[in-house]
Amino acid sequence: MRILSIFILSLSILITAPAYSAWKIDSSKSSLTFVSIKKGTIAENHRFKKFSGGINKGIANISIDLNSVDTNIAIRDERMAEYLFETAKFSQASFSVQLNENEIDAIASGSSKNMTLKGRFDLHGQQQDLTVNVVVMKLSEKNMVVTTQEPVIIKAEDFALVAGINKLKSLAHLPSIAYSVPVSFVLTFTE
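A brief look at the structure comes next. This is a predicted model, so every value here is computed, not measured.

**With respect to the packing of aromatic side chains**
Then, in step 1: The tally for this structure, following the rule as stated, stands at three aromatic pairs.
Then, in step 2: A centroid spacing of 5.3 Å and a plane angle of 80° characterise the contact between F121 and F159, whose relative ring orientation is edge-to-face. Of this pair, F121 sits in strand β8 (residues 112–123) while F159 sits in the loop between β11 (152–155) and α4 (162–171), and the two are 38 residues apart along the sequence. Considered together, F121 and F159 belong to a single accessibility category, that of buried residues.
Then, in step 3: Grouping aromatic residues by their ring pairs yields a cluster made of F34, F48 and F85.
Then, in step 4: Over the aromatic face of Y83 sits the side chain of K167, whose NZ or CZ is 5.2 Å from the ring centroid.

**As for helix α2 (residues 74–84)**
Then, in step 1: For α2, every residue scored as buried is listed here: R76, D77, M80, A81 and L84. Looking straight down α2, one finds its buried side chains confined to an arc of 135°; they lie on one side. Among the exposed residues of α2, those oriented more than 90 degrees off its buried face are A74 and E78.
Then, in step 2: The elements touched by buried residues of α2 are β2 (31–38), β3 (42–48), β6 (69–70) and α4.
Then, in step 3: Just past α2, the residue E86 takes up positive phi, approximately 50°.

Conventions adopted
Residues numbered from 1 in each chain as written. Predicted model: local features only at pLDDT ≥ 70, side-chain atom pairs only at ≥ 80, totals over all residues. Heavy atoms only, no water. Phe/Tyr/Trp six-rings, centres within 6.5 Å; stacked < 30°, edge-to-face > 60°. Helix = DSSP H or I, 4+ residues; strand = E, 2+ residues; numbered from the N terminus. Buried < 20%, exposed > 50% of the residue type's maximum accessible area, 1.4 Å probe, protein only. Lys NZ or Arg CZ within 6 Å of the ring centre and 35° of its normal. Arc of directions from axis to C-beta. Contact = heavy atoms within 4.5 Å.

Below, the structure written as structure tokens:
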């Protein structure tokens, strides 16, 4: 009888405890974009077509396939992959951050919360701490969207990308390409 009572108590604790299941990015409902500026005044939108990740045990990870860069110009995509990102050596970029699961669990369905995330960004063999201000919107118990409140500025010199930008500038015969780019995302997660 006592064993049965312990079993029932244990089962009830498991059922009522917060569910820390893994969340996965639905890339078909997500976007990861950046803006480049050339000739001092011409801004162009770009995106990555392939990225993945999720949240598991309070750690969010996002992995970006740098070969999937999409600028709407095929030769520019190839040059960025080869000379800027050097994907033969550095095919992926990644961002990892520890989350407060209780804070996320406390967001009611249909509500949102502003959060500041401090994580680690790995790009081109360089790692830097990165602070990202986001809005977390809980669509339902099994769906949420995380989006940037404002773009995150990525500086070329922080990730050893200056030489690559200079090479792109030379190949395209441009007087300038900005060494900093704003990056934005909308990530849809499903549990």
